[in-house]
Every structure is written in C-alpha cells, then in structure tokens.
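# Working through the structure, step by step
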Amino acid sequence: MTGQWIRTMLSNIYCLIPSQVVLDGQKQTHTYLFDLGIPSLCIGSQCFFFFFLKELHQCTFPFTCSWEQNLDCKYYPNKTVALVASDILHLLISYVDHLQKFPPDTPKKIVEILIATITYLLPSTESSSYELDKRLVVSLLLCLLDWVMALPPKTLLQPVQTRSPPEKEQPTKTLLSCIYKVLHGCVYGAQSFSSPKYFPLQLSDLSSSDYDPFLPLESLREPEPLHSPDSERSSKLQPVTEVRSRIQQGLVSIAARTVITHLVNHLGHYPMSGGPATLSSQVCENQDNPFCGSPDLGPELFNSPNLQFLVLNGSTLLSVLQIRAESGVPGGGMTAGLSSAPACVRVIIRDVAGKHSWDSAVLYGPPLCSPNSPARTLLTQMQSPPEEEGKVGDEEREDPGGGGNLLAPPLAKRVCREAVPAWNSLEDGDDALDEMLQYLGYSSPECLQRAGMPLNIPAPPPGCVSEKQENDVINAILKQSAAEREFVLHELNMRATQQTEPEAETPQSAFYYCRLLINILGLNSWEKRSNFHLLRKNEKLLRELKNLDSRQCRETHKIAVFYVAEGQEDKHSILTNTAGSQAYEDFVSGLGWEVDLKTHCGFMGGLQRNHSTGQTTPYYATSTTEVIYHVSTRMPPDQDQNLTKKVQI
C-alpha cells in the first residue's frame, strides 16, 4: 500500500467519491457510503483504523506514509471528530513495535504532531468558554503521555528538525525538550510561547512530502453548545454555565501538571521491582507504628506522639513518622549493617501523582568490630608500620658524615609511607609532622610543590641566616623540648585525670529523628517556612486521608467476560459454565497476565481476596491504566443460583 492510497482512503471519508487505488500493482475501486454527518464521519474513521491495524498486524503490505499523521486533530473543525481522532492515536500505542518495523521514525513523527497540535490549540482553548475545547486538549495531553511512556529513551533524545535555523545561544532541540516545553506552556499559559526559549514546535516545521499539515478537509458545523449564551435553551441555565466555566478554567493546567509529575516519576522507571500493578505506595501511617494498633486509619492515630502531618507548597501532603529500626534482618536491613540510630524515619507523600513512601536512617559509620574480628585485624595491620621502614629510618637518623654532635637538618626518608601515621604506630624519636608530610606526599602527589620533591624536606634557610645561627636555633628548640618532657614526667600536678567516654544518650522525644530529618532537608529554614505548614489533627484530616487513599492514580476499568456454549440461551446455563473451548481460553489468555487475587496489590474491581470470586484472573496495566477482567468461568459455582456471579458481572 502506498502513501497515495492512504491519502485517497482518507479523502473518501469526507468527499463521498469512489476511489481508484493501487494495491499490489493493480488498480482497485472502493466506494464508501458515509454521510457528511458527524456520527458517520467518526464511525468511518474508526472502521478504517481497525482495517489498518489488521493489515499492519499481518504485515501484508509495505507502505511509505503513516496514515495516523493525517489524523491531526487541528484540522477537524468539529471537536467531537477531533476527540475520536485522539482516541485512535491513543489505541495505536499498543502497536508501536509494529510501526517501527516500517518507517522507523513513525512514532517520533506522531509525538511531534501531538506537540505541534497542542501548541496550535492552546491559545484559542484558554480564551474559549466551551468545555469541549478543553476536553480536546486534555485528551491530547493524555495521549502524549502514553506515547512518551511507550517510546525508548533513545528516541526521545533524538533532535527535532525545524525549518527555522537554530540560534547560536540555544541548544539543539530534542524531542523530550519539546515535550516539556509544551507542558510548560499548558501550565503557565500560552503567553510563554512568545519566548523562543519556551516555544516547542509549529506545524510548518513538520511539513514533508508524506505529510501536509495544511491539508484542506471538509468543514463541519460545530453543534450549538447547550449553555451557549446565544442558545434559546440556556436562559435558565446560565448560572450553571458560569460555575462550570470556572471549574473548567484550570483543567488544562491540572492535566499538564499531572503529566509532568508522571513523566518525572515514571519515565524510564516503569515497571519497577514491585511489578506493573504497583505504581504508588500502599503504606499507611498505622503500619509499623508502636503507638497505633489498629489495622485501619482511625482517630487513635492522632494520639501518636511520633507522627505529624505537614503540607508543602500547598500541593503536597507529608506524613512524617518515627518507627523502630530493623534488627535481626540479614544484611542489617535498611542500614545494611552500618552503625545507625535506634529509630528510623518514614515519610509518606501524597500529591497529584499518587502516594509514595520513603524510609530513612541516620548512618554514623561502619559497623563496630570486635578485637578478634578479621576487619579489626586488617585495620591493625594497615596502621602498624612495616619492619623495613623502621630499619631504614634508624639508619637514616644516624649521622652519615660522622660529624659528632653537630646537628644537621634531617633528610627525607627514601621509603614512602602507605598508611596514615597513627599515634600508636610511631616509634620513640619519630617526628609525627615529618611522618604526616611523608604520607601526604605519597598519597596525594598533587600537593607537591615540585614534582619528585617530598614535602618533608626542610625548606632552604633564609639568606640572612648563617648555618651556625640555624643550628643554634635548632639546638635551643631541642633543649626546650627535652626540658618540657622532663618536667611533665616528674611533676605529678601536670598529669590530667583519666577521662571516661560518655554513654550514648537516647532522645526523649518520639519525634526527634523526624525533626532532625526535616532540618537536614532545609524545610525548617526561613526561606521555606512560608510554604511549609503543620496541619491540625482532626476528623476532617482523617476523612481527607481516607479519601485520597481511595483514589486511583490510574484510569481503571473492569470488564466482564462470558462463555456462551452452543445451544445456551438462558442466563443460568451461561453462568454455570466453569470452562470454555480452546479458542475461548486462548482469547482470555491474551487479555492480560494471570494474577493471584489473594496477593494482588493492584486494582481489584470488586473481586474478593478470600477466593469467593475465584483464585486468579487476567489483569493488564500500564503506567496510566489498569484493567481487570471478571471471567465467569474462573468464578466458583454458587448454591444460590449464581447470585455472586450476577452481582460481580
């Protein structure tokens, strides 16, 4: 199939004319009986879409033009048809691997068209009072989100070709940067596009031989809105219209913020080790809380002295909880065996992206070693000086010239020290400063003033000081040091009393480590105090917590699946089926993957964990959608004429 055939097919949907197309080298005539009405146009687009998917899945034809590029929502004057086109592009995400087998840049082109379309529609959508206009942009934003999540990072980092030459100061535009720029414009308004720094893409940049962004299509009259000021039906509903317009005013901004948060949290990280069913945390404030024994959130939670609720920037709810540290866990648990505090801090975050939880602990240092442990033995061997080093040092301390009592400046040792000189590793007469300089010169050669010249070689004497004067000063210093040593050893009043190491003090406050973490994060600073507030613990807060936890951060669907055997016509016989044909089982297995309802942590859709509605069921999930299937043949038969199946299905 060629690109001209695809373009002709799309034209027939609007123009109602027979078309002659070239298929496998032969001309064929197809006639389409669609009216110019909006429902017929939507149905025609969907029918062609499913025909295209069938051909694409079977790989029965090569093509050079991606038909989905011509479903640009900008060219549909009717918003209803544009929403259908957006849904069609949304469904095409499941076939992104097939699309990359033909023109490899087809998925990238689709994302570019979505970016340019949103950029074009945003200014008029912000000034429009019609809800359908905003719903269209929101649909495109959600479609863009799923396309970005489906593409590999290599594709997202590819440069975007524009007709206007890039400015010298501006970096090369990548597909990912254009995505964040259009989302930035949806959050802060289309006026941000006036700056070249924040302008993503325009439709003229996408023009090519296969894709005409200014393809003229049949104009359809937009139906008169119910609440239009010019409508005769809106006389009594005008106050409702004003309320709805205020509600819908920030719809695009909220959707863009949600998309940005989702991309930041999950792009390149979904699914993680918890599996595709786990997108947000299921940990609550009552879990691992020694002051709360209830399995559910209740009023007694507010009596916990180790828990506080805070709000950050007016958009993020923080629950800060101090819990006991893990002990007896292989590897040391969260602290990995390191020396730590007896308590940990758990932070539960609720925002527009869902609920997330983090555990943190104070790490003081490596674990304490016993005297006979291998780690302590290795540490002692590293700190003790080698024998050869001590022998060489003694030889070097002798007067090489036999100068008698004449004191000369010490020479640098030829053997390099590889360990930090400790007080218990130095011998009598060793100069601690000389040893440390020797170690620094060996371990950090970048500290040497001159290459190859050790740091422990004394500097040359000043020109105004003779060698005799220098030796006199050295002898005076040595005599003073000897006198001080003799005085300290024989005068008892100079000895300091023995000091004992203080014992560790356990914090009295049950919220101490939480407050310490908040201070370390800088949330208690003067700059953040205006955006960081403590919430009151009351019934209203508890009700809102339960409401937030009951919300799904993904779109959820539950779908019933029946098996109707040959000759079955009544409801009872259909619901009593406990198995189906092989074709039916193959169909069910292709709906998703099997999950155990007892341990499933995702969307349940009303199914029970006690196996009263079955043990397993097909389940499918992406980072934005969850689907669970109620399969009648997987549910156990009932004694009450399949009442449970009727309720669930």
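Residues numbered from 1 in each chain as written. Predicted model: local features only at pLDDT ≥ 70, side-chain atom pairs only at ≥ 80, totals over all residues. Heavy atoms only, no water.

### Looking at the overall build of the chain
- Of regular secondary structure, the chain possesses 19 helices and 13 strands.
- Taken over 649 residues, the chain has a buried fraction of 37%.
- Taking contacts inside the chain between residues at least 6 apart in sequence as the whole, the part at least 24 apart equals 62%. (Helix = DSSP H or I, 4+ residues; strand = E, 2+ residues; numbered from the N terminus. Buried < 20%, exposed > 50% of the residue type's maximum accessible area, 1.4 Å probe, protein only. Contact = heavy atoms within 4.5 Å.)

### Observations regarding the side chain of Asp-146
- Here Asp-146 is to be found in helix H6 (residues 131-150).
- The charged side chain of Asp-146 is buried without a salt bridge, its nearest counter-charge being Arg-554 at 10.0 Å.
- Of note is the side chain of Asp-146, whose polar atom sits 2.6 Å from the side chain of Thr-624.
- Excluding residues within four positions of it along the chain, Asp-146 makes contact with His-90, Ile-93 and Thr-624. (Lys, Arg positive; Asp, Glu negative; His and termini not counted. Salt bridge = Lys/Arg side-chain N within 4 Å of Asp/Glu carboxyl O. Polar contact = N/O pair within 3.5 Å; in protein donor to acceptor, adjacent residues only side chain to side chain.)

### A word on the pairing of strand E12 (residues 616-621)
- Taken together, the four bridges between strand E11 (residues 593-596) and E12 define a ladder with antiparallel strand orientation. Of the residues in E12, the one forming a bridge with Trp-593 is Tyr-619.
- Both E12 and strand E13 (residues 625-631) contribute to a ladder of three bridges, which runs antiparallel. When the bridges of E13 are listed, Tyr-619 appears paired with Ile-628.
- What sits between the antiparallel neighbours E12 and E13 is a turn of three residues. (Pairing = 2+ DSSP bridges.)

### Points about the confidence of the model for the chain
- Averaged over all residues, the pLDDT of the chain is 75; the fraction at 70 or higher stands at 70%.
- Note that residues 217-245 has pLDDT below 50 and, in this model, 38 contacts with residues that lie over four places away or in other chains. (pLDDT = per-residue confidence, 0-100.)

### What about the pattern of salt bridges?
- Overall, the coordinates contain 10 salt bridges when judged by the stated rule.
- Of the charged contacts, one joins Lys-108 and Glu-112 as a salt bridge, the two residues approaching to 2.6 Å between their closest N and O atoms. Of this pair, Lys-108 and Glu-112 are both found in helix H5 (residues 106-127), four residues apart, which corresponds to roughly one turn of the helix.
- For Glu-112, a relative accessible area of 2% translates into the label buried.

### A look at unusual backbone geometry
- In this structure, the amide linkage connecting Tyr-270 to the following residue, Pro-271, adopts the cis form with an omega of -10°.
- If you check the backbone angles, Asp-288 has positive phi at about 60° while not being a glycine.
- Note that Asp-288 resides in the loop between helix H10 (251-266) and strand E3 (307-312).
- Given a relative accessible area of 52%, Asp-288 falls into the exposed group.
- Not every positive phi belongs to a glycine, and Asn-313 is a case in point at roughly 60°.
- Among the structural elements, Asn-313 can be located in the loop between E3 and strand E4 (316-324).

### Section: the sheet that holds E11
- Spatially, the four strands line up as an open sheet ordered E10-E13-E12-E11, and their pairing is mixed. Two strands close off the open sheet at either side, each with one partner strand: strand E10 (555-561) and E11. The mean inter-strand angle of the sheet, taken between neighbouring strand axes irrespective of direction, is 35°.
- The pairing of E10 with E13 spans seven bridges and is classified as parallel. Of the residues in E13, the one forming a bridge with Val-561 is Val-631.
- Each of E10, E12 and E13 touches helix H18 (residues 582-589); the most contacted strand, E10, lies at about 175° to it. (Axes fitted to C-alpha atoms, helices over the stretch in contact; angles between N-to-C directions.)

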